[in-house]
Amino acid sequence: MAPPLDAKIPSGRLQEKWDNYKNAIKLVTPANKRKFTVLVVGTGLAGGSAAATLAELGYHVKSFCIQDSARRAHSIAAQGGINAAKNYPNDGDTMYRLFYDTVKGGDFRAREANVHRLAEVSVNIIDQCVAQGVPFEREYGGLLDNRSFGGAQVSRTFYARGQTGQQLLLGAYNAMSRQIGAGNIEMFARREMHDLVVIDGHARGIITRDLVTGKMERHIGDAVLLCTGGYGNIYYLSTNAKNSNATAAWRCYRRGALFANPCMTQIHPTCIPVSGEYQSKLTLMSESLRNDGRIWVPKNQGDARTPGDIPEKDRDYFLERKYPSFGNLVPRDIASRNSKYVCDDGLGVGESKLAVFLDFRDSIERLGKDKITERYGNLFEMYERITGENPYRVPMRIYPAVHYTMGGLWVDYELQSTIPGLFVLGEANFSDHGANRLGASALMQGLADGYFIIPYTLGNYLGGSSLVQADVTHDAFVGAENDATSRIYKLLSIQGSKTVLDYHRDLGRIMWDSVGMSRTKEELTSAIDQISALRDEFWQNVRVPGEATFFNKYLEYVTRLADFLELGELMARDALLREESCGGHFREEHQTPEGEALRNDEEFTHVSAWEYKGDDIEPVFQKEELVFENVELTTRSYK
């Protein structure tokens, strides 16, 4: 086994580590910044903020997105809010409390140093976004308003109704647009990254495909920033946009970057249930709704009365009953599992019986309809458009669905992968959330990484590196482009009888049934075999219509699915190896008598990292030991 991974955590007290790091790093002078080209893949909150900030500092930035516009990145779909330890409500919040809630919420499987840095810079994010014009909700007196989210007993979540991600992304997009206009950012829309180019051991470029013309392109730089989001779409049905995928990260994995904690998947409890066999994605209803909505099911199986006719004595507000301290605002993994349990017991509602009620009757009576509309109006409208039901009059029906992935490429404290010069930001890395992400922390991490962390860590790398001179005619570029092109034509040449969507649905069923909300040794072992067999069949029988030299959505999907078929097996291997339950990774063999997650701190207080060794060769397991000097490893309790 390889030696433990070095996270390069700075010395000093926890509260001093980030300052100590900044005081010791190498700097790049303003005049020299113009000499460096940085490739930023992805234009969501992490990629957009990083591109804008680095260009503002003077770097030459080339930015890439798969959408037709940078402002259509999946970050736009985030709804509920962004955390920051400003303590505006004066309800007891502190920077340490945000740090502790995040570590505890992740079930003590994240680095202390990274999480504390996140809590530190969170306060600056809000000021940055307000300066950009982000229209955060305000109180009557004009101060920024806050609301609560799961896993916290304070109100620290800043929000713009149910459109927070959209408004934050527009702020970053405006900053990007200014730099595009100034000539500091070159924008490449409708491009998909197909490979990473490594020269002399350093990440120096990428191979992209123009999604309109099909042309393969080579781009060289002095560093690559991967900001491409998570891999929840591996389950086929998820809350992710259909274009969200793992290909860019997976290509980097195959070039030598380690993949960390791949099994850590978040199941969001507040989604609109599946409605039919041919549904292509699921819709998220913001966690913020759990501030004023109460979750319940009938106490008796087969209760066919309408929700309004079921009296209080016949309702089970199961989260409030089991977790009185946090109630409906327990963390997502706990809320999701408990919703599953009551449905498994035959108490689910709706036609499928795979749903629970999210009821606003009491809050409407207490606050009035106008106040609820002010807080959640666009979310209520979205729910009614999708379901045909008015949530002001009847409870919403919700059920857990795949949402966020805590795993991703391994990075050190500097957000640098095991390939020098390849930095990974936002959901594409594994670093800050451990085994479960608290709500409203994804936006916080993405903007922290882009606005306030990468400008320092990238400068330290560029200021201390002597990169060889190269251009796009280098053999590494030729080889990477040939690899990407050969793969595309191999997929097109199969001409089998089964569609890409058929294979993706098959993979999704395996993943949801065996590597989903709960896992067992038997199911995971079977999943590895099933995915391996499905992958073999896929490479012999998939059918991809169209050609490579023009716009072809089927070709886009099939290349992504080929990577999902490899990643799915790695996720199952990682879940099988981790003989404990923690956060979103719930092994049924490891639970308390009350059905809560049972960690194994003696053997698994580490990050699992996997190294690619070749096709049909088992990846090599490595680990980073997690050291907790400032928090006590306690059994997570929200009761």
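Presented here is a report on the structure given in the accompanying data block. No experiment lies behind these values; they were computed from the predicted model shown.

1. A word on helix H15 (residues 521-541)
Argument step 1. The end-to-end C-alpha distance of H15 is 30 Å, a good match for the 30 Å that 21 residues give at a rise of 1.5 Å each.
Argument step 2. Along H15, the residues that are buried comprise Leu-524, Ala-527, Ile-528, Ile-531, Leu-534, Arg-535 and Phe-538. Projected down its long axis, H15 shows its buried positions confined to an angular sector of 140°, all on one face. Counted as exposed and oriented over 90 degrees from the buried face of H15: Glu-522, Asp-529 and Gln-540.

2. Concerning helix H16 (residues 553-577)
Argument step 1. The first and last C-alpha atoms of H16 sit 36 Å apart over 25 residues, in line with the 36 Å expected at 1.5 Å per residue.
Argument step 2. Counted residue by residue, H16 has 19 buried out of 25 residues, so it is predominantly covered.

3. A few points about unusual backbone geometry
Argument step 1. Phi at Phe-108 takes a positive value of approximately 60°, unusual for a residue other than glycine.
Argument step 2. Classification of Phe-108 by relative accessible area gives buried; the value is 0%.
Argument step 3. Even without being glycine, Asp-200 reaches a positive phi, approximately 55°.
Argument step 4. Tracing the chain through its elements places Asp-200 in the loop between strand S6 (191-199) and strand S7 (202-210).

4. Examining the packing of aromatic side chains
Argument step 1. Under the definition given, this model contains 27 aromatic pairs.
Argument step 2. With a centroid separation of 5.7 Å and an interplanar angle of 70°, the aromatic rings of Phe-423 and Tyr-461 are classed as edge-to-face. With Phe-423 in strand S17 (residues 422-424) and Tyr-461 in helix H12 (residues 442-464), this pair connects stretches of sequence that are 38 residues apart. Here Phe-423 matches Tyr-461 in class, with each residue buried.
Argument step 3. Each ring, one from Tyr-503 and one from Phe-538, has its centre 5.6 Å from the other, and the planes form 90°; the classification is edge-to-face. In this pair, Tyr-503 sits in helix H14 (residues 500-514) while Phe-538 sits in helix H15, placing the two residues 35 residues apart along the sequence. Residues Tyr-503 and Phe-538 agree in their burial class; the two are buried.
Argument step 4. Put simply, the rings of Tyr-231, Trp-250, Tyr-253, Phe-259 and Tyr-612 pair up and form one aromatic cluster.

5. Digging into the nonpolar core
Argument step 1. In terms of nonpolar packing, the biggest core is built from 176 residues, with Ile-82, Leu-225, Leu-226 and Leu-422 touching the most fellow members.
Argument step 2. Each residue touching Leu-422, except ones within four places of it in the same chain, is listed here: Leu-196, Ala-203, Val-224, Leu-226, Cys-252, Ala-257, Leu-415, Gln-416 and Ser-417.
Argument step 3. Trp-296, Ile-310, Tyr-317 and Ala-355 belong to the second largest nonpolar core, which has six residues in total.

6. Here we look at the environment of His-433
Argument step 1. Within the secondary structure layout, His-433 lies in the loop between S17 and H12.
Argument step 2. With 26 residues separating them in the primary sequence, His-433 and Gly-407 have C-alpha atoms 8.8 Å apart.
Argument step 3. Here the side chain of His-433 touches Tyr-404 through a polar contact of 3.5 Å, side chain to side chain.

Reading the values: the criteria
- Residues numbered from 1 in each chain as written.
- Predicted model: local features only at pLDDT ≥ 70, side-chain atom pairs only at ≥ 80, totals over all residues.
- Heavy atoms only, no water.
- Helix = DSSP H or I, 4+ residues; strand = E, 2+ residues; numbered from the N terminus.
- Expected span 1.5 Å × (residues − 1).
- Buried < 20%, exposed > 50% of the residue type's maximum accessible area, 1.4 Å probe, protein only.
- Arc of directions from axis to C-beta.
- Phe/Tyr/Trp six-rings, centres within 6.5 Å; stacked < 30°, edge-to-face > 60°.
- Core = buried A, V, L, I, M, F, W, Y, C linked by side-chain atoms within 4.5 Å.
- Contact = heavy atoms within 4.5 Å.
- Polar contact = N/O pair within 3.5 Å; in protein donor to acceptor, adjacent residues only side chain to side chain.

Everything listed is a geometric property; what it means functionally is a separate question.
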